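The lines below spell out each chain.
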Protein chains: 2
Amino acid sequence: MADRETAAARLKAWDNILILSHRSPDGDTLGCAAALCRALIALGKSVRFACADAVPEKFGYLFRGVALGDFEPAHIVAVDVADKALLGTLEPFGEQADLAIDHHATHRPFAKEAWVEGTAAAACQMMAALIPALGVEITPEIADCLYTGLSTDTGCFRYANATPETFRTAAMLLEHGARAAEINRVMFDTKSRTAIALLKRVYSDMAFFHGGRCAVLCLTQQLIDETGATESDLDGVSAMVRQVEGVVLGLTIRERGENEYKISLRAVEPANAAEICKQFGGGGHKGAAGCTIHGTLADAQAQIVAACGAALEHIGEVDTRL
Amino acid sequence: MADRETAAARLKAWDNILILSHRSPDGDTLGCAAALCRALIALGKSVRFACADAVPEKFGYLFRGVALGDFEPAHIVAVDVADKALLGTLEPFGEQADLAIDHHATHRPFAKEAWVEGTAAAACQMMAALIPALGVEITPEIADCLYTGLSTDTGCFRYANATPETFRTAAMLLEHGARAAEINRVMFDTKSRTAIALLKRVYSDMAFFHGGRCAVLCLTQQLIDETGATESDLDGVSAMVRQVEGVVLGLTIRERGENEYKISLRAVEPANAAEICKQFGGGGHKGAAGCTIHGTLADAQAQIVAACGAALEHIGEVDTRL
């Protein structure tokens, strides 16, 4: 297992470097890759960047003005890639990677060397420490890249993965000129028309059971077609159902095929999502679990809602106050 | 104008202290007051707390376990109160206040002495520096109180008022045991049933004009009555209208009386909200402005939408990318 000093030493020694981001790229893998490209270019090196999927337009600023090369790579570095399978069509490059820089505790080694910090909130938090170790100044453009990953991977510093070190890194990046408020506006305060169409249906169609302690949303294929929602739009919906005040068990029921429904269940302690889903052959964690139920939508809903009701009766009143 | 050292010296010298929060209390005024109560009690002093309005239930943890006294106050301290009028029915106490601790650059002096830092993101940011100056340890309970104000006044570190000092203060509070993720869940990821009812209407009723660059939401009295939305629920709606991708001018039209409509306009640069509202006798800033239009709802909407159309034609295409 490599550490920051090893990673810095390797990168200083190398040239003609290909940097890889994971497929369905997010703010952290792209911000980290772009910051590293910029730092290596500042050291006079030639760099390439590759990702199996296109960089979403909203992240365009990360690579703006970066003079990427087009050459046969001498070295390959993967950033924020927990498993080579996450490289998608670029998986063959993963097998030849010289270095992986990653913050997933679940990292499955694939590169010759790996620098992994499982408690770092984002790969960008590691990169913010690596770049000074390379002897490169954190420019405002690099600060923008690193702040993007730090902010997006923590839900804007909202989740439990944001540690004191995360906050200190953010302070440093602001001092180096990161356009924090502008980046957060684009990442957190901008909703596509498709997302708006989906939200309208989510808030209209949500149904409540068991005295408002169980909320259900049915994501039928018709709803998805009508709203034009993408998988990434749908990602956040399970969390939304659980966000309603008083809800202890939040369900989404997703149509997967004829008479086949995939259930996602989120639970507030002491309710246990995994225990409920196990009754239907599913599994997961206490806070989030899933299962598949066959039958009509009405049947599937009735069965899972009944199981939730039994669980709620068993645990009694839940105090969700701080 | 007092500074932190003066504030600390006064508080150390006083006893039987009444601490005041502003009316319609938020996380910052309450977190700051509760943290100060806890610190003064740790110094062996007797404290009281008063606010013109009840402490919302979700903030109940701030004062939990605090042994407040009931006595004739010898000294009065107002926290996060920019103007004595904001004390509501407690304004007479404001006139007798000995010390005001506030972070509003617009602070209108009312206390005998005022410690004001207009660039602090929150009164809690100032309090996080004051408490060590009092010689009091920041306990996990005090850290919870201070983190609450820091997080809620910055939209969870999202807005431009979050400075490097804000992030460093957050790092310190996490190290002292603040339950950051849990607090953020309650403050940012919990929606009341009323808020859900309002969101449903917001996303259903929002209308788009001028190629999707202007969005309009009409908040009729009927909508407000039907959803049961409170003023605090309605507060965020203007921002939501502007959040839609491609929207440069976001309007809310609020029914104020018979044939009287209050317009709130949010604009993305280079559009200028104040210039548009000025045409109707209103005013404000470039980014947010307001005016009142008399007539039917259809008339009011047609007039303001036409003015927005003229402004959009004048500025041409707007690039909202970073």
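All of the points below concern the structure found in this document. (Residues numbered from 1 in each chain as written. Chains lettered and ligands numbered in written order. Predicted model: local features only at pLDDT ≥ 70, side-chain atom pairs only at ≥ 80, totals over all residues. Heavy atoms only, no water.)

**Regarding the packing of aromatic side chains**
Phase 1 of the analysis: Inspection of every chain in the model, using the stated rule, returns 11 aromatic pairs over all chains.
Phase 2 of the analysis: Taking the centre distance of 5.1 Å and the plane angle of 70° together, the rings of Phe157(A) and Phe167(B) count as edge-to-face. With one member in each of two chains, Phe157(A) in the loop between α5 (140–153) and α6 (164–175) and Phe167(B) in helix α6 (residues 164–175) form a pair that bridges those chains.
Phase 3 of the analysis: Assessed through its relative accessible area of 1%, Phe157(A) is described here as buried.
Phase 4 of the analysis: Relative to Phe167(B), the ring of Phe167(A) lies with its centre 6.1 Å away and its plane at 40°, an arrangement referred to as tilted. (Phe/Tyr/Trp six-rings, centres within 6.5 Å; stacked < 30°, edge-to-face > 60°. Helix = DSSP H or I, 4+ residues; strand = E, 2+ residues; numbered from the N terminus. Buried < 20%, exposed > 50% of the residue type's maximum accessible area, 1.4 Å probe, protein only.)

**Some thoughts on the side chain of Arg158(B)**
Phase 1 of the analysis: With respect to the secondary-structure elements, Arg158(B) resides in the loop between α5 (140–153) and α6.
Phase 2 of the analysis: Look at Arg158(B) and you get buried, because its relative accessible area is 18%.

**Structural notes on the relation of the copies chain B and chain A**
Phase 1 of the analysis: Mapping chain B onto chain A is achieved by rotating through 180° and translating by 0.0 Å along the same axis, at an RMSD of 0.4 Å. Read as a symmetry element, the transformation amounts to a two-fold axis.
Phase 2 of the analysis: With an isologous cut-off of 70% or more, the 100% of interface residues of chain B that recur at the interface of chain A puts this contact in the isologous class. (Least-squares fit on C-alpha atoms with pLDDT ≥ 70 in both. Contact = heavy atoms within 4.5 Å.)

**With respect to the sheet that holds strand β7 (residues 214–219) of chain A**
Residues and elements named next belong to chain A.
Phase 1 of the analysis: The mixed open sheet is built from 6 strands, whose spatial order is β6-β7-β8-β9-β11-β10. Each end of this open sheet is capped by a strand with a single partner; those strands are β6 (207–209) and β10 (283–284).
Phase 2 of the analysis: Taken together, the 7 bridges between strand β9 (residues 260–267) and strand β11 (residues 288–294) define a ladder with antiparallel strand orientation. Bridging across to β11, leucine 265 finds its partner in alanine 289. (Pairing = 2+ DSSP bridges.)

**Describing the interface of chain B and chain A**
Phase 1 of the analysis: Tallying the contact residues gives 45 residues for chain B and 45 residues for chain A.
Phase 2 of the analysis: Interface area for chain B against chain A, summed over the two sides, is near 4,400 Å², with a carbon-plus-sulfur share of 61%.
Phase 3 of the analysis: For chain B, the biggest contributors to the area lost against chain A are Phe167(B), Tyr203(B) and Leu322(B); these three give 19% of the whole.
Phase 4 of the analysis: The tally of links between chain B and chain A comes to 4 salt bridges. (Buried area = accessible area lost by both parts, 1.4 Å probe. Salt bridge = Lys/Arg side-chain N within 4 Å of Asp/Glu carboxyl O.)

**Considerations on the environment of Arg185(A)**
Phase 1 of the analysis: Among the secondary structure elements, Arg185(A) is positioned in helix α7 (residues 180–188).
Phase 2 of the analysis: The exposure class of Arg185(A) is partly exposed, given its relative accessible area of 25%.
Phase 3 of the analysis: If we skip the residues at most four places from it in the chain, Arg185(A) touches Thr190(A), Arg242(B) and Thr320(B).

**Considerations on the pattern of salt bridges**
All names here are of chain B.
Phase 1 of the analysis: As enumerated under the stated definition, the model contains 24 salt bridges over all chains in all.
Phase 2 of the analysis: Close ionic contact of arginine 179 with aspartate 144 constitutes a salt bridge, the shortest N to O distance being 2.8 Å. Here aspartate 144 lies in helix α5 and arginine 179 lies in the loop between α6 and α7 (180–188), a separation of 35 residues in the sequence.
Phase 3 of the analysis: A relative accessible area of 32% means that arginine 179 is categorised as partly exposed.
Phase 4 of the analysis: Classification of aspartate 144 by relative accessible area gives buried; the value is 7%.
Phase 5 of the analysis: Here glutamate 269 makes a salt bridge to lysine 286, at a shortest N to O gap of 3.4 Å. Placement of glutamate 269 in the loop between β9 (260–267) and α12 (273–278) and of lysine 286 in the loop between β10 (283–284) and β11 (288–294) is noted, with a sequence separation of 17 residues between them.
Phase 6 of the analysis: We classify glutamate 269 as exposed; its relative accessible area is 57%.
Phase 7 of the analysis: With a relative accessible area of 39%, lysine 286 lands in the partly exposed category.

**Focus: the layout of surface pockets**
Residue and element names in this part refer to chain A.
Phase 1 of the analysis: What the second largest pocket holds in volume is close to 320 Å³.
Phase 2 of the analysis: Leu234, Asp235, Ser238, Thr252 and Ser264 are the residues nearest the centre of the second largest pocket, which is lined by 15 residues in total.
Phase 3 of the analysis: The set of elements that each furnish at least two residues to the lining of the second largest pocket consists of α10 (231–235), α11 (237–242), β8 (249–257), β9 and β11.
Phase 4 of the analysis: When residues of the lining of the second largest pocket are assigned to their parent elements, the largest contribution, 4 residues, is made by β9.
Phase 5 of the analysis: Its residues assigned to classes, the lining of the second largest pocket comprises 6 nonpolar, 3 polar and 6 charged. (1 Å grid on protein atoms, 1.4 Å probe; cavity = no way out; pocket = protein on both sides within 12 Å on 5 of 7 lines; lining within 4 Å. Points joined across faces, edges and corners; volume = space filled by probe spheres on them. Nonpolar A, V, L, I, M, F, W, Y, C, P; charged D, E, K, R; others polar.)

**So, the sheet that holds strand β7 (residues 214–219) of chain B**
Residues and elements named next belong to chain B.
Phase 1 of the analysis: What the 6 strands build is an open sheet, ordered β6-β7-β8-β9-β11-β10; its pairing is mixed. In the strand order of this sheet, the two ends are held by β6 (207–209) and β10, each with one partner.
Phase 2 of the analysis: The sheet contact formed by β10 and β11 spans 2 bridges and is antiparallel. By the bridge assignment for β11, glycine 283 is matched with glycine 290.
Phase 3 of the analysis: Packed on one face of the sheet, helix α13 (residues 297–315) meets β6, β7, β8 (249–257), β9 and β11 and runs near 155° to β8. (Axes fitted to C-alpha atoms, helices over the stretch in contact; angles between N-to-C directions.)

**Looking at the packing of α5(B) against α6(B)**
Residue and element names in this part refer to chain B.
Phase 1 of the analysis: Two elements in contact, α5 and α6, have axes whose closest approach is 9 Å; the angle formed by their N-to-C orientations is 150°. As far as their axial angle goes, α6 and α5 are roughly antiparallel. The handedness of the crossing between α5 and α6 is left-handed. The residues of α6 that touch α5, namely those facing Ala143, Leu146, Tyr147 and Leu150, are Thr166, Thr169, Ala170, Leu173 and Leu174. (Parallel < 35°, antiparallel > 145°, perpendicular 65-115°, else oblique. Left-handed = near helix turned anticlockwise from the far one by under 90°.)

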